Amino acid sequence: MSAHCMLTGAKPGFGNTVSHSHRRTSRRFDPNIQTKRYWLPGEGRHVRLRLSTKGIKTVDAIGVEAAVARIRARGVRV
């Protein structure tokens, strides 16, 4: 699966690895994506979300109902 956060939209950044001899090769900076399972009381079921660690902290702050509403507003199916 792709390294994208469902809530924040964080995705990989790209850059170069620079060796000791200063040769440059391409690399990716992937966000720290975790799969978390939350209970959604409004629908009476669990939802499995792929979130970055910042996204997990956001869910803890605003609540799972508001977070799922934001994810659905971005057009992602939950």
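That block above? That's the structure.
These numbers were taken from a predicted model, which means no experiment stands behind them.

Enquirer: Sorry if this is basic, but what is going on with the pattern of salt bridges here?
Expert: Pairs can form between side chains of opposite charge once their charged atoms are near each other. For the structure shown, the criterion picks out three salt bridges. In this structure, Arg28 engages Asp30 in a salt bridge whose closest nitrogen and oxygen atoms are separated by 3.0 Å. On the basis of relative accessible area, Arg28 is assigned to the partly exposed category, the value being 43%. Here Glu43 makes a salt bridge to Arg72, at a shortest N to O gap of 2.8 Å. Of the two residues, Glu43 is situated in the loop between strand S3 (33-40) and strand S4 (45-52) and Arg72 in helix H2 (residues 64-73); the sequence distance between them amounts to 29 residues.

Enquirer: Even after reading the chapter, I still don't get the side chain of Thr58, so can you show me in this structure?
Expert: If you trace the backbone, Thr58 turns up in helix H1 (residues 53-62). Here the side chain of Thr58 touches Lys54 through a polar contact of 2.9 Å, landing on its backbone oxygen. Each residue touching Thr58, except ones within four places of it in the same chain, is listed here: Leu7, Gly63 and Arg70.

Enquirer: Just checking my understanding: could you explain the packing of aromatic side chains for this structure?
Expert: Working definition: an aromatic ring pair is given by the centre-to-centre distance plus the angle between the planes. Within the structure shown, the criterion is met by zero aromatic pairs. Residue placement shows Arg27 over the ring face of Phe29; its charged tip is 3.8 Å from the ring centre.

Enquirer: I keep staring at H2 and nothing clicks. Help me out?
Expert: Residues of H2 that are buried: Val64, Ala67, Val68 and Ile71. Each buried residue of H2 sits inside an arc of 95 degrees when the element is viewed along its axis, so together they form one side. At its buried positions, H2 is contacted by S3, S4 and H1. Phi for Gly75, located one or two positions after H2, is positive at around 90 degrees.

The rules we used
- Residues numbered from 1 in each chain as written.
- Predicted model: local features only at pLDDT ≥ 70, side-chain atom pairs only at ≥ 80, totals over all residues.
- Heavy atoms only, no water.
- Salt bridge = Lys/Arg side-chain N within 4 Å of Asp/Glu carboxyl O.
- Buried < 20%, exposed > 50% of the residue type's maximum accessible area, 1.4 Å probe, protein only.
- Helix = DSSP H or I, 4+ residues; strand = E, 2+ residues; numbered from the N terminus.
- Polar contact = N/O pair within 3.5 Å; in protein donor to acceptor, adjacent residues only side chain to side chain.
- Contact = heavy atoms within 4.5 Å.
- Phe/Tyr/Trp six-rings, centres within 6.5 Å; stacked < 30°, edge-to-face > 60°.
- Lys NZ or Arg CZ within 6 Å of the ring centre and 35° of its normal.
- Arc of directions from axis to C-beta.

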